Amino acid sequence: MPPEDGDPVRQRGQRVNVEVSGTPLLGGMPALDSSRMETMAEGWESGPVLGEGAVTPRGAPHQAGQHEEALMTELSELVQKVVKSSSWWERHGVDISILACSFLLLPAGFLCLRSAQAIPFLVGVLTLGVVHHTLTVKGSHLASHNALTESKSWGKVWAVFFIELCSAFTAEQGTYNHVKMHHGYTNVIGLGDSSTWKVPFLNRYVYMFIAPLAVPIITPLVALDLLRNVEWKIALRTLCCIFLGLYCHYWLLLHVSGFQSPWSALLCMLLTRSLLAHPYIHVNIFQHIGLPMFAADRKPKRIHLMSLGVLNLPRNALLDWSFGHSIISCHVEHHLFPSLSDNMCLKIKPVVSQYLKQKKLPYNEDTYASRLQLFLRRYEELMVHAPPITELVGIQ
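What you see is a predicted model; the values in this text were computed from it and never measured.

J.: I would appreciate a short explanation of the overall build of the protein in the present structure.
T.: Counting secondary structure elements, the protein contains 16 helices and 2 strands. Each of the 396 residues in the protein was classed as buried or not, and the buried ones make up 48%. Considering only residue pairs separated by 6 or more positions, the protein has 72% of its internal contacts joining residues 24 or more positions apart.

J.: In this structure, what is going on with the state of the cysteines? I would like to understand it.
T.: Two cysteines, two sulfur atoms, one covalent bond between them: this is a disulfide. Applying the stated rule across the entire model yields 0 disulfides. Cys166 takes part in no disulfide bond, and the closest cysteine sulfur, belonging to Cys241, lies 9.8 Å away.

J.: Honestly, the environment of Thr149 in this entry has me stumped. Any pointers?
T.: Tracing the backbone through its elements, the reader meets Thr149 in the loop between helix H3 (118-144) and helix H4 (152-166). Sequence separation of Thr149 and His92 is 57 residues, and the distance between their C-alpha atoms is 6.7 Å. Those residues in contact with Thr149, other than ones at most four positions away along the chain, are His92, Trp154, Gly155 and Trp158. Engagement of the side chain of Thr149 in a polar contact is seen with the backbone nitrogen of Ser151, the distance being 3.1 Å.

J.: What is the right way to read H4 from this model?
T.: Count 3.6 residues to each turn of an α-helix, and residues three or four apart come out pointing the same way. Over its 15 residues, H4 extends 20 Å from the first C-alpha to the last, a length consistent with the 21 Å expected when each residue adds 1.5 Å. Within H4, the full set of buried residues consists of Gly155, Ala159, Val160, Phe162, Ile163, Glu164 and Cys166. Those residues of H4 that are buried are in contact with helix H2 (88-112), H3, helix H5 (171-183), helix H8 (232-255) and helix H9 (262-273). Ala168 sits one or two residues past H4 and shows a positive phi near 60°.

J.: What's the story with the packing of helix H10 (residues 277-286) against helix H15 (residues 368-377) in this structure? I'm lost.
T.: How two helices pack is summed up by the angle between their axes together with the distance between the axes. Viewed as axis vectors pointing N to C, H10 and H15 meet at an angle of 80°, and their least axial separation amounts to 11 Å. The angle between the axes of H10 and H15 places the two elements in the roughly perpendicular class. Counting all contacts with H10, which are made through His278, Pro279, His282, Val283, Ile285 and Phe286, the residues of H15 involved are Tyr368, Arg371, Leu372 and Phe375. Looking at the contact of H10 with H15 residue by residue, the class counts come to 7 nonpolar, 2 polar and 1 charged.

J.: Just to check I follow, could you spell out the UniProt feature "transmembrane region" (unreviewed entry) in the protein for this structure?
T.: The sites that carry the UniProt feature "transmembrane region" (unreviewed entry) are, in the present numbering, residues 96-113, 118-135, 205-227 and 234-256. End-to-end, the C-alpha atoms of residues 96-113 are 27 Å apart, and along that stretch the chain is 94% helix and 0% strand. Helix makes up 100% of residues 118-135 and strand 0%, with an end-to-end C-alpha separation of 26 Å.

Rules and cut-offs
Residues numbered from 1 in each chain as written. Predicted model: local features only at pLDDT ≥ 70, side-chain atom pairs only at ≥ 80, totals over all residues. Heavy atoms only, no water. Helix = DSSP H or I, 4+ residues; strand = E, 2+ residues; numbered from the N terminus. Buried < 20%, exposed > 50% of the residue type's maximum accessible area, 1.4 Å probe, protein only. Contact = heavy atoms within 4.5 Å. Disulfide = S-S within 2.5 Å. Polar contact = N/O pair within 3.5 Å; in protein donor to acceptor, adjacent residues only side chain to side chain. Expected span 1.5 Å × (residues − 1). Axes fitted to C-alpha atoms, helices over the stretch in contact; angles between N-to-C directions. Parallel < 35°, antiparallel > 145°, perpendicular 65-115°, else oblique. Nonpolar A, V, L, I, M, F, W, Y, C, P; charged D, E, K, R; others polar. UniProt positions renumbered as here; feature names shortened; annotations may be inferred.

This is how it looks when you write it as structure tokens:
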């Protein structure tokens, strides 16, 4: 998206110096629709045009592909050195401890809700809300990528626990849609382009500020619909886990927190489960939508696909704890190396950012406030209309 005059996006983070589509990189290419601007990293150097109608030396596309694979291999080796030199505590222990602390805070949260005074009651709501999102967002995300343990068997157990029991979703479909599709085809139209987050019939203010409150209700309903695509044994297990998770939350509010009315308990469930739903929705659209989109048959190699179509937000203590570094400030690193834990993504961040910038590759960063302003201003273009397909120009 090209910064407009006076646009606050212009001054923040890595900004656009070269366009993928819009103004052509090389002379003699026809001008494309200027609304197709995509965010790029500063100083990205162009190579020969490899798009339709371009005249290239024989074997040039193959050489370009080999060069991109070599870049990814070199970066992987640098990251692997960091991983091998890291202890188990750094690879898994830090994130497991955060999840364990969240579990330990549950009794305090439910007991605070027994108070008739406003401040302890609000502390209980805030505690349960943060714990819920830590378990459901951070826990489910790490479990879906098997980043909590090096054992695949235990990885499946944690995926069922965090995704189905805690999050009221289906582990198989959730993992497939996120890991296989979104990560495998990041920003590829019709496959991993984040289109599932778009609700075109809602206006910008309803979508950005009111609709997120319905996430706790919509999530299990979507899960029930997705169960049509799994075996009956898996569907039965998912139904039992979802019911058990929701009922335990409800039972604890009645018998530990002392709610007298079923409706008041259900309202408290909705309140705590939607406490951080707004940043959850926002982050999921901020970090991909509005960046370059590709056709399935014209997508670049992995290192360009991930560096072009992913954006990092600044560190935030609350969101780092509840969502994890790989979703907030290390999203580029996470998409390049999805099996690493949140703490390891944070540790390799200097290596990845320095390497991409050194090789003149995009490394997109922006602030939460800047992206929010951008989406409110260009909501129709980004969230209602079909995104334009990026023309691959100058990638070698």
